[in-house]
Amino acid sequence: MNILVTGCAGFIGSNFVYYYLRKHPERKIIGLDNLTYAGNIDNLSGLTEEEKKRFSFIKGNICDAELVEQIFNEHEIDGIINFAAESHVDRSIHDPQIFLKTNILGTQILLDAAKKHWQSESGWKCLEDSNNLAKAQSSNPANLQSCKPAKFLQISTDEVYGALGASGFFTEKTPLDPHSPYSASKASADLIVKAYHDTFGMPVNITRCSNNYGPYQFPEKLIPLMINNALNHKPLPVYGDGRQIRDWLYVEDHCKAIDFVFENGKSGEVYNIGGHNERENIYIVKKIIEILREKTGDGELNESLIKHVTDRLGHDRRYGIDPTKITQELGWKPSIMFDEGIEMTIDWYLNNSEWVESVISGEYLVFYNKNYKI
Ligand code: NAD
Ligand code: TYD
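Rules of the game
- Residues numbered from 1 in each chain as written.
- Chains lettered and ligands numbered in written order.
- Predicted model: local features only at pLDDT ≥ 70, side-chain atom pairs only at ≥ 80, totals over all residues.
- Heavy atoms only, no water.
- Helix = DSSP H or I, 4+ residues; strand = E, 2+ residues; numbered from the N terminus.
- Buried < 20%, exposed > 50% of the residue type's maximum accessible area, 1.4 Å probe, protein only.
- Contact = heavy atoms within 4.5 Å.
- Areas by Shrake-Rupley, 256 points an atom, 1.4 Å probe, with all protein chains shown as cover.
- Near = heavy atom within 4 Å.
- Polar contact = N/O pair within 3.5 Å; in protein donor to acceptor, adjacent residues only side chain to side chain.
- Expected span 1.5 Å × (residues − 1).
- Salt bridge = Lys/Arg side-chain N within 4 Å of Asp/Glu carboxyl O.
- Pairing = 2+ DSSP bridges.
- Phe/Tyr/Trp six-rings, centres within 6.5 Å; stacked < 30°, edge-to-face > 60°.
- Axes fitted to C-alpha atoms, helices over the stretch in contact; angles between N-to-C directions.
- Left-handed = near helix turned anticlockwise from the far one by under 90°.

## What about the overall build of the chain?
1) Next: When helices and strands are tallied, the chain shows 14 helices and 15 strands.
2) Next: Counting all 374 residues of the chain, 55% fall into the buried class.
3) Next: Sequence-distant contacts, at least 24 apart, represent 83% of the contacts inside the chain between residues at least 6 apart.
4) Next: Summed over its atoms, the accessible surface of the chain is roughly 16000 Å², and 51% of this surface lies on carbon and sulfur atoms.

Given below as structure tokens:
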């Protein structure tokens, strides 16, 4: 079985490649990533020799229809998991257009290539959807013999639902109400994926996960940024009052959930992913300071580094996921709670300072220095 994993060199994509190749020793991954500032192919240098044989990397853009078509022509792609995206809300506020190109148009280009290759005159190569099954059976029952599972899995985000007040949770039925250009582009992509299912009967799933943290996260997102700044005694920029709430999930638990949905998710369905680990941003920042001080014995690493800065425009106040559906239908539940996960993450960043140095360079620094004054 060959899976096309886009965005394989980013934070969640690279964690997923490790997880998936270990979990499914008979399967292969074709990784597609154009290595933006957030993508780093060295993230995958820890694959074993055997795993490397089951992983092929293609440097390229998901918006390049010719390339995507060529990948489908040259490899028997049985499924796509689309992680590739521009993913940082602050960047989307400063420069929305690339978010629309990659996140919306790129998704549609992948969908089109998959549709073309999986669709045959007698029906879908993947016959898990009952309508398609009936269609294929009536036109050519022999097709069922050669049927292989195929699926388009779109990795989306809880941010498409907008913001919550002090109570309640996002369910799969919560109306889409994105606020940032990033979340609006992800919501748009979700609707295009849904349209390919509803119009063409294409086998798809959409997952909407809460905030991830763990190894290989680019240090522009809250947790790795705070770890890196604190270690260098740089100010810790907390937006507004810091009382905004996010629901944190350790990245490996997300990878496990994606695997569950890819294997057993009912076609056309959306699955929310989250583990009820809600924390205020200011709590996270203080926790990081406390753990780092304990681990390094550095007394200068204290709360005087915290700087409350101008709030993010349109800042969503609270996110919180209700994961009942994926738990009840697919049996997934998270195994790493926040207190354990944050220690593991901090240990990883302490042991991988060279990685941090190598990724914070060039384009990232230009953007950061231009847009953030602390
Ligand atoms: P990331 O920014 O770390 O990685 C994105 C990857 O996509 C990078 O390797 C980048 O090079 C690649 N990429 C970007 N544009 C591309 C293009 N046009 N063609 C090919 N590759 C391209 O992001 P992440 O945090 O790993 O997020 C992965 C996915 O998960 C995204 O779709 C994001 O919306 C979603 N998600 C993220 C979180 C989170 O907390 N990080 C939570 C829920 C959902
Ligand atoms: P982030 O990691 O950018 O994820 P998202 O915006 O997708 O939830 O931000 C997490 C929270 O932390 C969000 O409420 C914004 C806040 N934040 C800060 O207060 N300071 C920072 O420097 C960053 C990057 C984020």
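From this point, the discussion proceeds with the structure in view.
## Digging into the site of ligand 1
1) Next: Taken together, 28 residues are adjacent to ligand 1, and I12, D33, S87, Y182 and K186 come closest.
2) Next: One of the backbone N or O atoms of G10 is found 2.9 Å from an oxygen atom in ligand 1.
3) Next: Backbone polar atom of I12 to an oxygen atom of ligand 1: 2.8 Å apart, as the coordinates give it.
4) Next: Surface burial for ligand 1 is 96%, taken as the share of its 830 Å² of free accessible area covered by protein chains.
5) Next: Elements represented by at least two residues in the shell around ligand 1 include exactly α1 (11-23), β7 (151-157) and α7 (181-200).

## Focus on the environment of T157
1) Next: Here T157 is to be found in strand β7.
2) Next: Taking the C-alpha atoms as reference points, T157 and K186, separated by 29 residues in sequence, lie 7.3 Å from one another.
3) Next: Once you skip the residues sitting within four places of it in the chain, T157 turns out to touch Y182, K186, T207, R208 and C209.
4) Next: Among the polar contacts listed, one links the side chain of T157 to the side chain of D158, at a separation of 3.3 Å.

## So, helix α10 (residues 281-296)
1) Next: Here α10 contains 16 residues, and its C-alpha end-to-end distance of 22 Å stays within 8% of the 22 Å for a straight helix at 1.5 Å per residue.
2) Next: Listed in full, the buried residues belonging to α10 are N281, I282, I284, V285, K287, I288, I289, I291 and L292.
3) Next: Buried-residue contacts for α10 involve α8 (222-231), β10 (236-239), β11 (245-247), β14 (278-280), β15 (306-309) and α12 (338-351).

## Focus on the environment of I321
1) Next: Turning to its location among the elements, I321 is positioned in the loop between β15 and α11 (324-330).
2) Next: For I321, a relative accessible area of 0% corresponds to the buried category.
3) Next: Distance from I321 to R208, taken between C-alpha atoms, is 8.9 Å for residues 113 residues apart in sequence.

## Some points on the pattern of salt bridges
1) Next: Inspection of every chain in the model, using the stated rule, returns 19 salt bridges.
2) Next: With its nearest N and O atoms 2.9 Å apart, the salt bridge here joins R22 to E51. Separated by 29 residues along the polypeptide, R22 in helix α1 and E51 in helix α2 (residues 49-53) bring together distant segments of the chain.
3) Next: For R22, a relative accessible area of 48% translates into the label partly exposed.

## Observations concerning the pairing of strand β13 (residues 270-273)
1) Next: Neither face of β13 is left uncovered, since the one carrying V270 and N272 and the one carrying Y271 and I273 both have all their residues buried.
2) Next: In this sheet, β13 lies alongside strand β8 (residues 204-209) in parallel orientation, the contact comprising 4 bridges. The residue bridging I206 from the neighbouring strand is V270, located in β13.

## Thoughts on the packing of aromatic side chains
1) Next: In total, this model carries 17 aromatic pairs according to the counting rule given.
2) Next: Both rings, one in F72 and one in W118, keep their centres 6.4 Å apart while their planes meet at 70°; by these two values the pair is edge-to-face. Here the residue F72 occupies a position in helix α3 (residues 65-74), and W118 occupies one in helix α5 (residues 97-118), the gap between them amounting to 46 residues.
3) Next: Chaining the aromatic ring pairs together yields one cluster made of Y18, Y216, W348, Y349 and W355.

## Regarding the packing of α3 against α5
1) Next: Across the interface, α3 lies against α5 with an axial gap of 10 Å and an inter-helix angle of 35°. Crossing hand, α3 versus α5: right-handed. Across the interface between the two elements, A65, V68, E69, F72 and N73 from α3 touch I109, L110, A113, A114, K116, H117 and W118 from α5.

## Considerations on the side chain of R27
1) Next: Residue placement: R27 occurs in the loop between α1 and β2 (28-33).
2) Next: Within the structure, the side chain of R27 is placed 2.7 Å from the side chain of Y20, a separation counted as a polar contact.
3) Next: Look past the residues within four positions of R27 in its chain and what remains in contact with it is M1, Y20, L21, R54 and E263.

## Digging into the pairing of strand β1 (residues 2-6)
1) Next: Burial runs high along β1: 5 of the 5 residues are buried.
2) Next: Residues N2, L4 and T6 line one face of β1 and the alternating positions I3 and V5 line the opposite face, and both faces are buried.
3) Next: As defined by bridge partners, β1 adjoins β2 across 5 bridges and the pair is classed as parallel. Residue pairing across strands places V5 opposite G31, the latter belonging to β2.
4) Next: Examined bridge by bridge, β1 and strand β4 (residues 79-82) share 4 bridges and lie parallel to one another. Paired with L4 across the two strands is I80, which belongs to β4.

The values are spatial; any link to function lies outside them.
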